Every structure is written in C-alpha cells, then in structure tokens.
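Structural features, examined
The chain contents come next:
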Amino acid sequence: MSQQDEHPSREPREYAVTIPTRVAIAKALADADGPLSMPSLAELLGVSGEAALEGLNRRVRAMVRDGELLETRARRFGVARRMELIAGRVIGHPDGFAFVRPDIGEQDVYLDNREARRVLHGDRVLVRIAGIDNRDRPYGAIAEVLERANSEVVGRYFRDGGVGYVVPDNRSINQDLLIPAGAEGDASHGQIVIAQITQQPDAHCQPLARVASVLGDHLAPGMEVDIAIRAHGLPCEWPEGLAADVAQVPQTVSESEALSVGRVDLRNLPFVTIDGADARDFDDAVFCRTTRDGYRLLVAIADVAHYVTQDSPLDAAARERGTSVYFPDRVIPMLPEELSNGICSLKPDVDRLALVCELSLNVQGVPQKAKFYNAVIRSHARLIYEDVAQWLGDVRGKETSIKNQVLLLHELYLQLRVRREERGALDIDQMEAKFIFNAARKIERIETRERNDAHRLIEECMIAANVAAAEYLTKHKLPALYRVHAVPDGEKLVSLRKFLAEVGVTLPGGEHPEAKDFAAVLTQAKLRPDRNLIETVLLRSLKLAVYRGENAGHFGLALEAYVHFTSPIRRYPDLLVHRAIKLRLAHDRRPKASAEAIAMLAEHTSMTERRADEATREAVAWLKCEFMLDKVGKTFPGIISAVTSFGMFVQLSDIFVEGLVHVTALPDDYYQFDPVGHRLSGRRTKREFRIGQPVRVTVMRVSLDDRQIDFSLAEDAPTGRRPRRR
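Per chain, residue numbering runs from 1 following the sequence as it is written. Reporting of local features is limited, given that this is a predicted model, to residues whose pLDDT is at least 70; pairs of side-chain atoms are given and counted only at 80 or more, and all residues count toward the totals for whole chains, interfaces and linings. Side-chain metrics rest on all non-hydrogen atoms present in the structure, leaving aside hydrogens and water.

Some remarks on helix H2 (residues 38-45)
For the exposure calls, accessible area comes from a 1.4 Å probe over protein chains only, and a residue counts as buried if that area is under 20% of its type's maximum, exposed if over 50%, partly exposed in between. In this text, helices come from DSSP runs of H or I with a minimum length of four residues, and strands from runs of E with a minimum of two, each type numbered from the N-terminal end. Residues of H2 that are buried: Met 38, Leu 41 and Ala 42. Mapping the buried residues of H2 onto a view down its axis gives an arc of 100°, with all of them on the same face. Seen from the buried face of H2, the exposed residues on the opposite side, beyond 90 degrees, are Pro 39, Glu 43 and Leu 44. Phi for Gly 46, located one or two positions after H2, is positive at around 70°. Think of it as the arc spanned by the lines of direction from the helix axis to the C-beta atoms.

Some thoughts on the pattern of salt bridges
Salt bridges are counted wherever a side-chain nitrogen of Lys or Arg sits within 4 Å of a carboxyl oxygen of Asp or Glu. Tallied over the full model, the rule gives 43 salt bridges. A salt bridge links Asp 427 to Arg 417; the nearest nitrogen and oxygen atoms lie 2.1 Å apart. Separated by ten residues along the polypeptide, Asp 427 in the loop between helix H12 (401-423) and strand S22 (432-437) and Arg 417 in helix H12 bring together distant segments of the chain. For Asp 427, a relative accessible area of 26% translates into the label partly exposed.

Let's talk about the sheet that holds strand S31 (residues 688-690)
Across the sheet, three strands lie side by side as S29-S30-S31; this open sheet has antiparallel pairing. Taken across any chain shown, the strands that pair with only one partner, and hence form the sheet edges, are strand S29 (671-674) and S31. Neighbouring strand axes in the sheet, compared pairwise and without regard to direction, differ in orientation by 20° on average. Two elements, strand S30 (residues 679-682) and S31, share three bridges in a ladder whose sense is antiparallel. Paired with Ser 681 across the bridge in S31 is Glu 688. We treat two strands as partners when DSSP finds at least two bridges between them. Comment: axis = line fitted to C-alpha atoms, over the contacting stretch for helices; angle = value between 0 and 180 degrees taken between N-to-C directions.

Re helix H16 (residues 531-540)
Restricting attention to buried positions, one finds in H16 the residues Leu 533, Ile 534, Glu 535, Val 537 and Leu 538. Here, two residues are considered to be in contact whenever any of their heavy atoms come within 4.5 Å of each other. Of the surrounding elements, those touching the buried residues of H16 are helix H14 (490-502), helix H15 (515-525) and S31.

Here it is, written out as structure tokens:
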C-alpha cells in the first residue's frame, strides 16, 4: 500500500475538498460484495460535488496504477488482493521465462515462456497464482500490465533474410525487437543502436521498434560505456536550461563569503587532501594536531549544500543522478564539472568553503566529543596515496611540515585501527581491476589497485566523521538517510556454519552472531592456505548495504549508527546529511521532511547506487572480454573463484580476468555440486574442485555480446584433487 495518503490529515495541497484516503477506499471495496462502479463507490463513501468526485477518480486511478486496485472490463473497481492478484516487477531470464517479484515481500512467481512473452524485463504487472510447479515454485498468469518499463532499448541491429531485428544488450530483455522495413534508419548490419519501441509485446506478437539512433560499430573504442549508459538508463545529459543556473555559481570564494557570520576561518591550518593520482574532485581534507589529552582531528568536507540549495534545478539534477558513476575511462558526475571539479573541489592553495567535523580523541583514539561548523579552508597540499605510503615506509627522509602532518595522521590512524579491531569490524581487502589504455583507447594491460596504509588512514578518518554525523543527527532527531547494513539472515548463516564446520573453523556467537564473531573467523583464517576460500564464502553470506530513513546499524563496521557525510560531491545522501546539519547549525525552524519523503529518497538513492554498480560492472566485463579476444588458445594460471551446479569460475592470477569452466569441460566423470562445501565432486574419481583451488586453464571462447569467457582445464593441469582419506 502506498504511504503517501495514508492519513486523512495528509491530503495533497491540490485538493480543496476532503477526499477519502487510500485506506478508506480499499476498506470500502474490500467490504463490498464485489467490484463497484465509480458512482457506486462515490455513493458508498459519501462523496459528492464535481471537485470531490474528480479527486476521488484521480485517487482511484492512482491506486489502479500502483496495483492496489484492479479495474474490470466492466469498469468496476476491486481490491487486487481480494481478487487474488499480486502486483510486482517482471525479472526476465535469457532463456525466455521470467519471474514476478512482488512489491510486498513474498515468494517470486514463475512465468513460463508463453506468459513471459507478453512482457519485458522491468514491466510492472498484476499476476494471478495458477498453482505450484514440480520445483515447489508458485507459477502464475498475467492479469494486467500496469506499467511498461522499456520505451528505448540498446542492442545490436541485424538483418537476416530480409528481416531486421535488434538483439537487446540486456540479456534480461529476452525477446528480440522486430524492425519493420524502412524503420532501420541509418543502421547497418552488426551496429549498436538505440531502438525505440513502437508496439509492446503481447500474447501473439513480439515487440516492434524503430532505430532511433546509431551508437556505432561493435568494437568502437568507448562503445562499452555508451552501451552501459543507455542500457541502464543513466542520466548523462544535463536538463535544458541548467547551464544558466550553473553560470550563476561563483568560481572563487569571495572574502565576504569567507568571513560571513557563522563561518570559521581555518585557512592557516595545513589541511591536506590524499587521493588517487587520477582523482579530479577533492571533497575531503584532513588536519590533525596533538592536544594535552590526545588528538584533535578536523575533517573538512566541501560545502556543496551552500551552492546546491534544496529544490533548485541543480538539486533536482543531482537527485535524479543520485551518485557519480565511475567508468574505467570516464566519469558521469552527479554535479556539473563547474562545481564537482571547480568551486566545490578542495584544490590546493585556493580558498574553499567547507563543513567541518571536529573530533577530540583521547590518546587511545576514542572520540570524546564532536562538533560541526561551517568554515573556510585552504588545502596546503594535494597528496596521492602512493607518495604518502612511501613516506610512511621511510620516516628517515627529509622532514617537512606536510610530511610531519601526515605522520601525525598515521599515528592517530594506528589508534583508530586498534579501536576498529576491538569492536570487531570486518576487514576484507578485495582486489580491483585497473585498466591501462593506449593512445587508441584500447586496453594495453590490466593491473590491480593495491590498497595501502594511506588508503586505510583516510578511510578511518572518514569513518570517524561519518559516525559523528550519525550521532549528531540521532541526538537532534534530524531526518536523514542512514547507511544500513543488516545482519545476515538465518538461511545464509546456516549454510555458512555448515561450510565452516567442514573446513574446521568455528563461527562463535550462537544463533545471533555479531560482527566481532565474523571477524574471529577471519582471524582464524589468516594463516591458512584456504584463506581466500573462507573470506569469499563469508563475504557472500553478508547482505548489501542500503540507505534507509531510519537507523538500523551497520553490521560490517560494527557500528550502532552510520551515515555518509564525507562525499557530497558524488553522493546525494551525503548532501542530504549536510543540509540537515546546516539547518540545525542555523537554528532553522522550517518543517522537517516527512518520514514518507525520506523513505522515498532512501529507495531512490539505493536504486541509483545499484544502477551505477551494475552499469560499471557491465562495462568492466565488456573490457575484459575485449582484452581477451586475441588470447584464445593461450593458457594461464588461475584460482577457482566460484563453484555452481553448471561449472566453476576461474580468476586468472596475472590479469584479473574471470571465466567459466563448464561442467561438461571437466575431466571424464559425472560431477555433483555441493552448495555447502562450494565444490564439484566426481562420482567415480572422487576428484574435487572448490573455491580457492589453483588451476591452469586455456581460453576457449570469448563472447562480447554475452560478456562471457569460456575456459577449459589445460592439458598439463592437475585434474582436481582427491579428498584425504579420513
């Protein structure tokens, strides 16, 4: 049920008369003997008058759109649940079938190929349960298509036997789009295009479309990013007219702004930024000094909220994007570059406005108090991680005030690190691919990004500021978005315990283990040869972190409350946190955002984060496949990174690329999949393949369209390992 008009006192301002709430409408229809016409419903609810009837009609139509009500062919309205209908989103499968994921947490409903052909991935439908299949899954039939999710689809155009069609790049859209003669525009066979759907699919016909634009040839440089942007609907064009608003933003900080009431002048303090060598937007700077009782840490964050005011055109554009998206060769920024790389970027030797979190910590690095205030700073140095790590590894070098500042920050970091370990925060360093491009924008090589103490130093400073911001918001009851990482669910815990028992590791904590119990597992695994296996399985048992309007703690960091405060240039939730803090600092009495509005923002920003992750993951997968095109037939060492019923995934040791060894490509035997032990075992030979096991593989096939690399075990590779006799 939609929450937007749950209470009679919360009528939308556009209604000059009182309209029955959704709750009242749903109850009236549920209590009726059957679906009602609009006049009958109005009479039952006592609604009369042109304005009131119009308002009721609009609300009922909105409830139909949201799947709460269903309109029959006789133009009568009934409660969808009462009519045994479930509203949800279609999740397409490449093999032609689909599932409907209910809006309210119920089991997914299976749609066979015949039903699935009526819809496309992402469509919103009402489905009626028809029964339970032989795999104990509810299966259903579509009663109504509530919303079509796809108006444009990116894909590859083909012409075969006089028939034109587009194969969607998103394999979840499991129907080709037919392109009638004359609707192909300037597209040539094999090119990547954007197809505009002119007729949605139904029970009898595939979707029809026309080619709206041609993106380019299949292997054109940068095509992988263009495809990902369009396939995931990433906003990449600024709204018309926004340039005029951007032009009004100053590119320097005036002295009157710097010395305005309530802003503290910190330009004399030697703040530094520490980022990657290729970073262009610097949204955080740090400064530390010792005190009689311990340390004083200042975390200065770009004062984006000063320039991007609530409900302004700039704010609307930032909210729509939700986050900056970082592809290997380009960035889609959340804010125009005049802000993200200009006035909001804490560049060295220029004045910048900031919102500062000042933390007082004792000698053990335990925060004693925190305060927030507006400030003006001037970064004294732009440092990069590798240089800082070198300083930390060689303290005998020439001393400078900047280097001494870094060494003091590191001294504090060591204490913060101890506190992190004491509370049991999880610490798993995952490798990340770094693509090195040549002048033609083709991949020259793939490296791994190494994390060092400089990364961890900044990370701990940012976590400390984020925690302080969460405590500030909670203390003053300010509405904002919390970063929530829920505890693992029971089913995954059971599977994890079974696996750990098999390898002789214990997860303490009973039925409700805490983060420190998971950290204890990582400690047990540190010196074991199967460390990667244990870390991987543990990581997969955890839930994804999301944004929520209410605090529910952060499991992975072992924190009672957590928000994102430190990156308002590239994350919209951080900007909302800044606004909440600044309103409190200004003693602003304007009405707080409603719980419903915050919940909608939480859902939206979680979605934009997932969307960005999926788009970048897809582009990276394309690039890896492109890099491997000329390596078919070559052999590489690797590590088994995942095991499934249909085979095992192997990550190559030297070039950070993953591919599949299908179960049919394993040595002669029938292999059984053990989901608890994460292994495949030969029935006859008893040979095993499991996560973390080293193997040698040969590249057999590379498919850019499927983003898939197929391996086979190399002829000189050991054919699995036999389990030890007990």
